[in-house]
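Single-letter residue listing:
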Amino acid sequence: MFQEINNMRKIEYRVAVREAMTEEMRKDPTLYLMAYDIGPYGGEFRTSTGMYEEFGPRRVQDAPICEQGEVGVAIGAAITGCKAIVEIPFMDFIPMCMDQICNQAAKFLYTFGGKQGVPIVIRTAMGGYIRAGEQHSQCFENWFVHVPGLKVVVPSTPYDVKGLLKTAINDPDPVVFVEHKYMYPMKGEVPEEEYTLPFGVADIKKSGSDITVIATSYMVHLCLSVAAKLEKEGISVEVIDPRTLVPLDEEKILESVKKTGKVVIVHEAVERGGWGGEMSAIIADKAFAYLDAPVKRLGARNTPIPFPKVLEETILPTQARIEEMIRSIL
Amino acid sequence: METYKDPISNLDQNTAHQLYDTMLKIRFFETRESEILPVEQEGFAHTYLGEEAIATGVCAALNKEDFITSTHRGHGHVIAKGGDMRRMMAELYGKVTGYCKGKSGSLHIADFDLGILGANGIVGAGVPMAVGAAYSSVLRKTNQVSVAFFGDGALNQGCVHEAMVMASVWELPVIFAVEVNHWQCGVRAEWVYRPEVYIDLKVRGQGYGIHSVTLDGNDVVAVYQAAKEAVERARAGGGPTALFCYTYRMDGHFVGDIDYRPAEELDEWKKKDPIDNFERRLLAAKYMTASDIEEFKNEVHGLVEEAIDFGRKSPVPGPEVALEDVYVNL
């Protein structure tokens, strides 16, 4: 699909986010966007520049700083004929609204016996590498993987973020859409034409034959750099990006593991309790006979995230640590 | 405390009969449910006994298209909004004909088709959703009004504060119907409020710049009149209203709760029983005779017994029902 489209241009990840929202808001007058800093300011990370001017204050609604209430309001709007996107600028603030996401949005359809879903998208930005410290660097995508009723999207490129956000907006279920702060200025090829990407379809970012590396979000880029380096030594690394953690493309992941027999899972969230554990359980269960080495996983160390570079790099995954992990099972 | 003086003369006889009928339905439903639950049903229930006038008076001022959010003490709201007692009882019996296919029980009984956006197991959680439904009415230009029912216990929840802030600043068509019932679980309200605040809680609403009224929540006519004014204000674009309706939770926190309230307190509130009081006024105004009252009671008794019968005889859900309705599509 990627290659078939001709009119490619390079745009930033944040622009891809904005284009997805803008295109969908032009089509659907009941779709609105809410957060603080979303209006004239243009979004905490400049993902909504110009949207307030185009759609006005009701549809690009600056909100008080009350994340829980914002999500609750979005749910109320979404079950009564609107669609809502709520931006929680830093994922570290998402614990403020866990009740509304996990107890309300995730349960509504079940409680109503299938009568009404909750078409909301909670957009949020996770991740470190920006020297922001303990409360502005965390990755909590795992928490939502654990809650039935939610979908979890973790896109790694401008192309993916745009196509998946458009799908999220039109999805009838609540979606936790996890962007990455460090990637907002990153550029990538995105077609001029409108397109969407389906949930539950993993993408092989680089094919290879010696080892499978499963990674999401910014980790994909670190893994691709490591893969490029190892390629020069004749080590062929396959980098696969699930893109959505719920639903998960088990088939494509298992296919890759069966091909290479070795697997490293990389996520930026702390290792303990991370989705890497879930992934390794799936692999151990369904591809055990194909494995030539233990399933390895690499996440941030089990500490808060410190702010200075030297300490942050001690804690978060780095190319060096990824490379070391790959080499340990080659 | 502000009250509406002798407003029964403002009611037409038909409306008076409807109010009485609804209060009886709630009273008899809850009384029978308290008897049945320990013997025939599983789970928990929180009854609305003693607070009937609030749901009844408020919902009588609404149209079918208007929205409400309910609470863990929600049976009364559902009946007042026109819910089917048979499907309610079936849900309490965990039967597939129940409002939630028998999956969710007392805490979640709601009829989405009647604009009831959920009862709720989380105290206060429905309030931002009601604000969201009001936001949706504005965005969709429908003139629908939302009501959030909640108690004086919930009034201290963060999300309720957040919801009131947003309703106020965005001037949304929402009514906060606060059931000031003097107990939050096993905690006396005066232990968690300063007495000078608790005695007249409209100061809380006024703090948000919301038009606020304190009233006798056991006076169904006063509640109805106040709600009608609030609904008119909301529909005319005049923004939110908070109604602080003073009442008393005649039952424990839940069916089977231990007894921790002084007998004299219960006796005192028994004298202020909303149904007994309304009966006296109906007789005095010659809106009803003693035999009319008997007739109403007999009929409602019959309906409640029919609902119980429906609940008992309905089929239990098959195991597949537990797996349904997690996602609209995955």
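Presented here is a report on the structure given in the accompanying data block. (Residues numbered from 1 in each chain as written. Chains lettered and ligands numbered in written order. Predicted model: local features only at pLDDT ≥ 70, side-chain atom pairs only at ≥ 80, totals over all residues. Heavy atoms only, no water.)

A few points about the interface of chain B and chain A
- If you look at the interface, chain B gives 43 residues, while chain A gives 49 residues.
- Our enumeration of links across chain B and chain A arrives at one salt bridge.
- With its nearest N and O atoms 2.7 Å apart, the salt bridge here joins B:Asp113 to A:Lys115.
- Taken together, chain B and chain A are joined by 18 residue pairs in polar contact (both at pLDDT 80 or more).
- Take the side of chain B that touches chain A: its biggest share by element is 10 residues, from helix 5 (residues 126–140) of chain B.
- Within the side of chain B that touches chain A, the residues separate by chemical class into 27 nonpolar, eight polar and eight charged. (Contact = heavy atoms within 4.5 Å. Salt bridge = Lys/Arg side-chain N within 4 Å of Asp/Glu carboxyl O. Polar contact = N/O pair within 3.5 Å; in protein donor to acceptor, adjacent residues only side chain to side chain. Helix = DSSP H or I, 4+ residues; strand = E, 2+ residues; numbered from the N terminus. Nonpolar A, V, L, I, M, F, W, Y, C, P; charged D, E, K, R; others polar.)

Here's the deal with the packing of helix 4 (residues 85–92) of chain B against helix 12 (residues 290–313) of chain B
Residue and element names in this part refer to chain B.
- Where helix 4 meets helix 12, the closest approach of the two axes is 8 Å, and the angle between their N-to-C directions is 45°. Judged on the interaxial angle alone, helix 12 and helix 4 are oblique. In terms of crossing hand, the pair formed by helix 4 and helix 12 is right-handed. Contacts from Met85, Arg86, Arg87, Met89 and Ala90 of helix 4 reach helix 12 at Leu303, Val304, Glu306, Ala307, Ile308, Phe310 and Gly311. (Axes fitted to C-alpha atoms, helices over the stretch in contact; angles between N-to-C directions. Parallel < 35°, antiparallel > 145°, perpendicular 65-115°, else oblique. Left-handed = near helix turned anticlockwise from the far one by under 90°.)

Here's the deal with the pattern of salt bridges
- Summed over all chains, the structure comprises 46 salt bridges over all chains.
- For the salt bridge of B:Asp200 with B:Lys202, the shortest nitrogen-to-oxygen distance reads 2.9 Å.
- Judged by relative accessible area, B:Lys202 falls into the buried class, the value being 15%.
- In this structure, the salt-bridge partner of B:Lys297 is B:Glu279, at a minimum N-O distance of 3.1 Å. Of the two residues, B:Lys297 sits in helix 12 while B:Glu279 sits in helix 11 (residues 274–284), which places them 18 residues apart along the sequence.
- For B:Glu279, a relative accessible area of 13% puts it in the buried group.
- Salt bridges sharing partners connect three or more residues here, namely A:Arg9, A:Glu19, A:Glu23, A:Glu24, A:Lys27, A:Lys162, A:Lys166, A:Glu192 and A:Glu194. (Buried < 20%, exposed > 50% of the residue type's maximum accessible area, 1.4 Å probe, protein only.)

Things to note about the environment of A:Leu316
Residues and elements named next belong to chain A.
- Looking at where Leu316 falls in the secondary structure, it is placed in the loop between helix 11 (309–315) and helix 12 (319–328).
- Note on Leu316: relative accessible area 1%, which makes it buried.
- In this structure, the C-alpha to C-alpha distance between Leu316 and Gly276, residues 40 residues apart in sequence, is 15 Å.
- Not counting residues within four places of it along the chain, the set of residues in contact with Leu316 comprises Gly128, Tyr129, Glu268, Ala300, Ile305 and Arg321.

Here we look at the sheet that holds strand 6 (residues 151–153) of chain A
Residue and element names in this part refer to chain A.
- Spatial ordering of the open sheet is given by 3-2-4-5-7-6-12, a layout of seven strands whose pairing is mixed. With partners counted over all chains shown, the strands left at the sheet margins are strand 3 (60–62) and strand 12 (244–246), one partner each. Sheet twist, expressed as the average angle between the axes of neighbouring strands with direction ignored, equals 20°.
- Here strand 2 (residues 31–35) pairs with strand 3 via three bridges, running parallel. Bridge pairing links Leu33 to Val60 in strand 3.
- Its contacts with the sheet put helix 1 (residues 13–27) on strand 2, strand 3, strand 4 (83–88), strand 5 (120–126) and strand 7 (175–180), and the angle it makes with strand 2 is roughly 135°. (Pairing = 2+ DSSP bridges.)

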